[in-house]
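# Chain and residue survey
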Amino acid sequence: MTDMSVAYPERLTVDQLQIAPSRRHREAIIRYTLLVTALVSVLVSALIVWILLREAWTFITEVVWADTWGQQGWFPRRGLYDIPTIIVPSLIVTGIAMVVAGPLGLGAAVYLSEYANRRVRSWLKPALEILAGIPSVVLGFFALTWIAPNLVGPIGRNTFGVIGAVILLGYAAVSAGIAKAKIKQYREGVADPSARVGAVASLAMLVAVFAVAGAWILGVWLDFAPNNAGSLAAAGIGVGILTIPLVASISEDAMAAVPDSLREASAGLGARKMATATTVVLPAAISGIVAAFIVAISRAIGETMVVFMAGGAADAARFTDSPFEGGLTMTAAIASLASGTDSVVGEGLTFQSLYFVGLLLFLFTLTLNIIAARFVSKVREAY
Amino acid sequence: MSMTDEAPRLIERPVAAAAEPQAAEPPPAAERDVVFRSHDVNVYYGAFRAVRDVTFDVPKNEIMALIGPSGCGKSTVLRCYNRMNDLIKDARVTGAITYRGTDLYDERVDPVEVRRRIGMVFQKPNPFPKSIYDNVAYGPRVAGQKKGLDDVVESSLRKAALWEEVNDRLNDSALGLSGGQQQRLCIARAIAVGPDVLLMDEPCSALDPIATARIEDLMQEIKQDYTIMIVTHNMQQAARVSDTTAFFTADVRSENDTRTGILVEVDTTQKMFSNPADERTENYVTGRFG
Ligand SMILES: Nc1ncnc2c1ncn2[C@@H]1O[C@H](COP(=O)(O)OP(=O)(O)OP(=O)(O)O)[C@@H](O)[C@H]1O
Ligand SMILES: [Mg+2]
C-alpha cells in the first residue's frame, strides 16, 4: 500500500476550502439547465390543460344542453351530442378490459412473485414484457379479425351455450382432479380394495364428462356463422390483453417489495403459499396493486386505437348498452372526428365537442386517482 | 442435568402424554426423552456444503442452546427442524432427522403440517402489519379455526407475558409495539398454533437487556409445555437459560478454501461451560476463540 497521508497545515484558511470560481459557474449552469427542462414539461402540461379548458368552455356555454342527454345518439355533424352514447361504451370497454386483465394480470403477478422458480421467471417475465410492447394497432387488428369472430361472436349469438360450455369445462377440471387423486391412491396402495373401484369409476366419469363437454362445445361452435363486425366486447377484450402486462408488472413490483421476513413468519406458522399470498403479501402490497389497477383503468379508458378499429362504430353512433353491438367510446369519438381531411368541419360546435370529450376523459381519470388515494390510505397495511 | 432437575420431569411426563393424542401408545423407552434425532445431516446451498455430518439428539421439555461463531451454520441447522430450508430455492438437506420417531424428510411429509407442530421465532421481530389480535390469531386461522379465537389470543398473550400490556389495544397495529413487545408478540403468535417445539434464532439479539431478561424468564416458564431450541451469540444467555448446549464451529479447509459448519460437542450446559471435552469448546466459551 502506498502512503496516503497528506501533510495538513496547522491552520486552514477559508480560501483553501473554497470552491473555484469557474467550477461555481459550471454548477450554476447545470442547475439552471435542469430547472428549465423540468419547467418545460410542466409548461406543456399546463398549456394542454389550458387549451382543453378554453375550447371545452366554449362548448359548455354554447351547446344546446337538451341535445346532450336522451337523444338517439352521438351525431356531432348534426349538432346532436348525446353524452351517454359515448360514455356508456367507454365504461363497457373499460369494465370488460378489467374483467380480462384483473384476474390474469394479478394471477400472473402472484405466480411470478410467490411461486415461480428462477428458470420459469427468466422466460415468463420477458414474455410479459413483449406483450407490453405490442403496438396497439396490431392488437386492434387482432381484436377485429380474431377476437370478434371467434370469441365474441359465439357468446353474443348463443350466450346460454357458451355459459354451459364453461360450466361443463369447470366440471371436467374438477373430475380430472378427483380422478388423479383416486388413481394416485390406488397406485400407492394406501386405501382398501375399493380404491381400485374408485379409480375406475372416476376415470369413467372423467371420460363421460369430457365427451359431453366436447360435444356441447362443438355444437356451439358449429352453430355460428363467422362475421367480422367489431363490437364493444371485442374491443374490451383487446384492451384487456393490452393492459395485462401493466397490471402484472406493477402488482409484481409491489409484491416483490414485501419483505421475505413476513413470508417466513407466515410459513413458520403453518400457512400454505396461497394463504401467505392472500393474507400477508396482497394486503401488504395493496397500495401498489390498487395503483396498478388505476393505471390500467386510465390506460383502458384512454386507449384509442383498439376501440377505434374493433369497437364497431366510427364518426357517429346510436346509443347502445349491449357489449355485443358496435359502439363509440369517447376516445374513438375524438379520433374519428379528428381524422380525415375535412377534420372537424360541420356544425358550429363540432370542433369544440372534441375538447369537451377530452375534458370528460380527463375528469374521469382525475376522479379515479382521488378515489384510489383515499381507498389506499384506508386499507393499507404498511410494513 | 442435575438430579434435582430430573425429578419433577418424571412426575410431569404422564400428564403431558395424556394431553398428546399421538402419544397414546408410549414410544419405546429409548425415544422417550428425545424429540428430535439427527443423523449425519448435511445441508447444501447449491454446490456449497454449509453444514457437514451433524448428529445429535434434542431432549424433550428442555431448552437446548446452539452456540458457535458467526457463519458456522447454526441457523441453517435450526431451520432443518421445521423444514424452513425448503423455502430457499437451492437448499438441499441430506441425512436423517426424526421427529418423535418419524422421518421429517420422508417424501409423504407435508412441511406445512410440520410447521404447525414446530414453531419458529426469528432474529428480527417480524410481526405482520396487522392488528395485535390478528397477528396472534393468524396461525389458528390459516389452520381453519374460526371459533374460540378470542380465548386462544388471550391465553397465548398471557403465556407470552404480554397480555397485561396490550389487552386494551388488541386492535391496534402490532407495529406500534416496542421491539421487545414485538418479539414477545411473535412468541405468542407461535404459541397460538399449539406447537410442540419452539425454534428460536437469536430471539434477543435485537433487544435491550431488560427485554432480553423478560424473554429469558418467559422461556423458563413455558419450557414445561414445550421443547425449545435457541440459537444465541450470548454466552451468558446460553449458560443462564439452557439445559443442554451444542457447540458448532466452522471447519476451514485451506486446500480448497471451503468453510463448512461442523458440530464439535453436545452436552449438558453445566458441563459445556465448566469442563468441556473439546479444547475448541473451551476456547470459545471462555472467549479465547480465534
Ligand atoms: N440462503 C443462503 N444461500 C446461500 N448460502 C447461505 C444461505 N444462508 C446461509 N448461507 C451460508 O451458509 C453458512 C452458514 O450460515 P448460517 O446463517 O447458518 O450461519 P449462522 O451460524 O447462523 O451465522 P450467524 O451467527 O451469523 O447467524 C454461511 O457460510 C452462509 O453464508
Ligand atoms: Mg444465524
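Definitions and cut-offs
- Residues numbered from 1 in each chain as written.
- Chains lettered and ligands numbered in written order.
- Predicted model: local features only at pLDDT ≥ 70, side-chain atom pairs only at ≥ 80, totals over all residues.
- Heavy atoms only, no water.
- Domains from an automatic or database assignment.
- Buried area = accessible area lost by both parts, 1.4 Å probe.
- Buried < 20%, exposed > 50% of the residue type's maximum accessible area, 1.4 Å probe, protein only.
- Helix = DSSP H or I, 4+ residues; strand = E, 2+ residues; numbered from the N terminus.
- Pairing = 2+ DSSP bridges.
- Patch = residues over 30% accessible without salt bridge, like charges linked within 9 Å, V, L, I, M, F, W, Y side chains within 5 Å.
- Areas by Shrake-Rupley, 256 points an atom, 1.4 Å probe, with all protein chains shown as cover.
- Salt bridge = Lys/Arg side-chain N within 4 Å of Asp/Glu carboxyl O.
- Expected span 1.5 Å × (residues − 1).
- Bend = angle between axes of the 7 residues up to and from the residue.
- Contact = heavy atoms within 4.5 Å.
- Polar contact = N/O pair within 3.5 Å; in protein donor to acceptor, adjacent residues only side chain to side chain.

What follows deals with the domain arrangement of chain A. Residues and elements named next belong to chain A. Each assigned domain of chain A is listed here: domain 1 (23-62), domain 2 (67-155 + 228-379) and domain 3 (156-225). Spacing between the C-alpha centres of domain 1 and domain 2 amounts to 29 Å. Roughly 950 Å² is buried in total at the junction of domain 1 and domain 2, and carbon and sulfur atoms are behind 89% of that figure. Its largest share of buried area at the contact with domain 2, domain 1 owes to Leu-52, Glu-55 and Phe-59, together 62% of the area lost on that side.

Residue and element names in this part refer to chain B. Residues Ile-118 and Met-120 point to one face of strand E6 (residues 118-121) and Gly-119 and Val-121 to the other, with burial holding for every one of them. Where E6 and strand E7 (residues 197-201) come together, four bridges link them in parallel fashion. Note on E7: the bridge partner recorded for Met-120 is Leu-199.

The next thing to look at is a nonpolar patch on the surface. A surface patch of nonpolar side chains, about 340 Å² in accessible area, is lined by Val-36, Val-40, Val-44 and Ile-48 of chain A. Relative to the helices and strands, Val-40 of chain A is located in helix H1 (residues 21-62).

Its 33 residues place the ends of helix H2 (residues 83-115) of chain A 46 Å apart at the C-alpha level, agreeing with the 48 Å of an ideal helix rising 1.5 Å per residue. A bend of about 30° at Ala-101 of chain A is the largest found in H2 of chain A, and the proline Pro-103 of chain A appears one to four places after it.

With 25 residues of chain B in contact, the opposing surface of chain A contributes 22 residues. At the boundary of chain B with chain A, total buried surface from both sides reaches about 1,900 Å², with 59% on carbon and sulfur atoms. A per-residue breakdown of the area chain B buries against chain A is headed by Lys-89, Pro-129 and Tyr-138 of chain B, which together make up 28% of the total. At the surface where chain B touches chain A, the tally comes to two salt bridges. Between Arg-79 of chain B and Glu-264 of chain A there is a salt bridge, with its nearest N and O atoms 2.9 Å apart. Applying the counting criterion to the chain B and chain A interface returns seven residue pairs in polar contact (both at pLDDT 80 or more). Secondary-structure elements contributing two or more residues to the side of chain B that touches chain A are helix H3 (111-117), E6, helix H4 (132-142) and helix H7 (179-192) of chain B.

All names here are of chain A. Locating Trp-146 in the fold gives a position in helix H4 (residues 136-157). On the basis of relative accessible area, Trp-146 is assigned to the partly exposed category, the value being 41%. Put simply, Trp-146 and Ser-122 are 24 residues apart on the chain and 30 Å apart in space, counted from C-alpha to C-alpha.

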